[in-house]
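# Results of the structural survey
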Amino acid sequence: MKIIKWLLLGLFSVVLLLTLYLTFWFDLNDIKQQLINKVAAQTGRTLQIQQDIGWSLYPDLALELKEVSLSQPEGLPGPAMLKVAEAQAAVALWPLLDKQIQLKKLKLHQVDIFITEQGKLNSWSGLTQNTDHTTAASTEKNKEKSAENPMLQQLQLDALELSQVTLSLQQDGNKAQQFNLQQFSLQQFQPGKAAPVSFHLTVPDQLDLEAEAMLLWQQNSKTLQLDKFQLKGDVAATPLQLQSTLQLDNQAQQLKWQLNELKIADSKGSGSVSLNYAGKVAAVQAELSLDQWQLQSAEQAADAKSNNSATQQPDLSFLSKFAMQLKLNIKQLQLARLELHNSQLQLQNQQGLVSLKQASAELYQGNINASGFLDARKTLAAYQLDAKLAGLDMLALLKAAADMELLSGTAALQLKAQGQGLLPQDFKTALSAKGDFNITDGAINGINIPAQIRTARAAFNNEAAPDAGEAKKTDFSSLTGSFTLNKAVLENHDLQLAAPLLRLSGTGNANLSTEQLDYQLKTALVNTLKGQGGKSKDELANIEIPLKISGSFSKPKYQLDTKALFEQHLKQKVDAQKDKLKNKLLEKLGGG
């Protein structure tokens, strides 16, 4: 018993003397300069620790640093690579003796990280190992050794808190992109057990997001999972709310994100995203279903950003860095002025070649099917679109798209368009298209051609003008033609209209930039005006009557060429009289 007593007394004395030494004589600041010198010798950089190092031994082994900075490598301008206003760490002392790491607290406040690159020199130069001398076998061995480390497997973290962390990324002296982690908190973390985590991330003028979840790390399977992952905030000034589950499998090198409830602005939906990063190029698969969505036209988006004078094409080089397959379903889609229903979209990206495999929707009593591609592998992006529309209510479509009521009827249309450049002005100057259309059982609104002809005929015959109370429209059974679009000018030269009362052909153009019309029609009556105000065979039957359409899309002007009509009418009368005289002369000669 005396031996045990003296052993305990000796051990207590050693601990007491060690505690007194560490408390009253040992000072970490004595080795601060040695640490600064060692960093300078190994990296060529300047490490600064402005204030004394604070530390304590009881109840936990704790360390505190303030005003710490690490410079950029020599020859690389810019702010310090790392600045830390305050850093605190505390480790439970006794679990260390049992090869367990219980990190009681790790706190970083006001951290600035500035990563820059100029030529071959960057912020990491001199800090990372030379990969040329690191074999794949040694790398794999280090991974296995790290995975089998019992201290890491027993890691326990009571509190990790980060606040006001700013990451700035700069390349070749350009303006730095800034990411701000306003707050990050992880509490009671231990492998195999769920722990609450939250963060607040902002990017100036781009996003402001807050999130919380239950984090689960499985050490053996190298799997990180976020359950009850809730995200809310703004992305590009658009409100966003999300409830989801995220899983990262580091062994399979795959990420899966199940979007259980998604709300973007006024749209609600759900979906899933998976990312496989095992290959040379990351592969993304995504499916998304929304109840509604609103898209601006290219011109509206440019106007909203006051960017109509932009001269630089958008940078689409990021598309070459991954492959993607996307399926999108939207019940109600507002595309500029157009309203589409039950829209379905299938996109595929193969490292910069974006293929529109399928696009379909219902619109204005009809439907549309389209396919195409966007080739972003070129300096000037090129695109092509093939579309077919059928069963469209033409009047409703024109009112929605261009606020005009020129035509009504049921329309079918085929379109093939192509172009280069994605600036707003490119869609006017570099977009070309061709196609054909067929409109049945409709009317040309704003003009009653038979009524105008009757009015002109009454003037020629010195008769009273007919009743002007008829509807200003010209009914037709079919309206067909083809068209081309080049430099914002839509041209048609084979318009054919068939109606019970007349036949009509036309040629001309419509300027989409100025919204002006310049069109010439030729009208020929078919025997009678009966059915739209006429009573019997008309004396103007089969005479071609010129009709000019001008003005704007919203206020078209119609002008009947009465001079040409009079000349043709007079010619017809003269020819008729000639025929009568000829017949009488023949009768007399025959009778003689």
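Thresholds applied
- Residues numbered from 1 in each chain as written.
- Predicted model: local features only at pLDDT ≥ 70, side-chain atom pairs only at ≥ 80, totals over all residues.
- Heavy atoms only, no water.
- Salt bridge = Lys/Arg side-chain N within 4 Å of Asp/Glu carboxyl O.
- Buried < 20%, exposed > 50% of the residue type's maximum accessible area, 1.4 Å probe, protein only.
- Helix = DSSP H or I, 4+ residues; strand = E, 2+ residues; numbered from the N terminus.
- Contact = heavy atoms within 4.5 Å.
- Polar contact = N/O pair within 3.5 Å; in protein donor to acceptor, adjacent residues only side chain to side chain.
- Phe/Tyr/Trp six-rings, centres within 6.5 Å; stacked < 30°, edge-to-face > 60°.
- Core = buried A, V, L, I, M, F, W, Y, C linked by side-chain atoms within 4.5 Å.

## Here we look at the pattern of salt bridges
- Tallied over the full model, the rule gives 5 salt bridges.
- Put simply, Lys-399 and Glu-405 hold a salt bridge, and the shortest N to O gap is 3.9 Å.
- Under the relative-accessibility criterion, Lys-399 is labelled partly exposed at 41%.

## Focus on helix H7 (residues 394–402)
- Looking only at H7, the buried set comprises Met-394, Leu-397, Leu-398 and Ala-400.
- Each element contacted by the buried residues of H7 is listed here: strand E17 (338–350), strand E18 (353–363), strand E20 (382–393), strand E21 (407–420) and strand E22 (432–445).
- If you check the start of H7, you find a side-chain oxygen 3.3 Å away from the backbone N of Leu-395, and it comes from Asp-393.
- One or two positions beyond H7, positive phi appears at Asp-403, with a value near 55°.

## Observations regarding the packing of aromatic side chains
- All told, the structure shown has 2 aromatic pairs when counted by the stated rule.
- Arranged with centres 6.0 Å apart and planes meeting at 20°, the rings of Phe-229 and Trp-257 form a pair that is stacked. One end of the pair, Phe-229, is in strand E11 (residues 223–235); the other, Trp-257, is in strand E13 (residues 254–264), and 28 residues separate them in sequence.
- Residue classification places Phe-229 among the buried residues on the basis of a relative accessible area of 7%.
- Using a relative accessible area of 24% as the deciding quantity, one classes Trp-257 as partly exposed.
- Between Phe-437 and Phe-483 the ring centres are 6.4 Å apart and the planes differ by 25°, which places this aromatic pair in the stacked class. In this pair, Phe-437 is assigned in strand E22 and Phe-483 in strand E23 (residues 473–486), connecting sequence segments 46 residues apart.

## Quick look at the nonpolar core
- If you look at the biggest cluster of nonpolar residues, it comprises 80 residues, and the most contacted ones within it are Leu-186, Leu-407, Ile-439, Phe-476, Leu-479 and Leu-497.
- Among the elements that line this core, the one with the most residues is strand E10 (residues 207–218), at 5 residues.
- Contact partners of Ile-439, with chain neighbours within four places excluded, come to Met-394, Leu-407, Ser-408, Gly-409, Thr-410, Ala-411, Phe-476, Ser-477, Ser-478 and Leu-479.
- By size, the runner-up hydrophobic cluster in this structure holds 7 residues, among which are Val-284, Leu-319, Phe-322 and Ala-376.

## Notes on the side chain of Thr-166
- Of note, Thr-166 is situated in strand E7 (residues 156–171).
- A relative accessible area of 16% means that Thr-166 is categorised as buried.
- Polar side-chain contacts of Thr-166 include one of 3.2 Å to the side chain of Asn-180.
- Filtering out sequence-adjacent residues up to four positions away, Thr-166 remains in contact with Val-111, Asp-112, Ile-113, Gln-178, Phe-179 and Asn-180.

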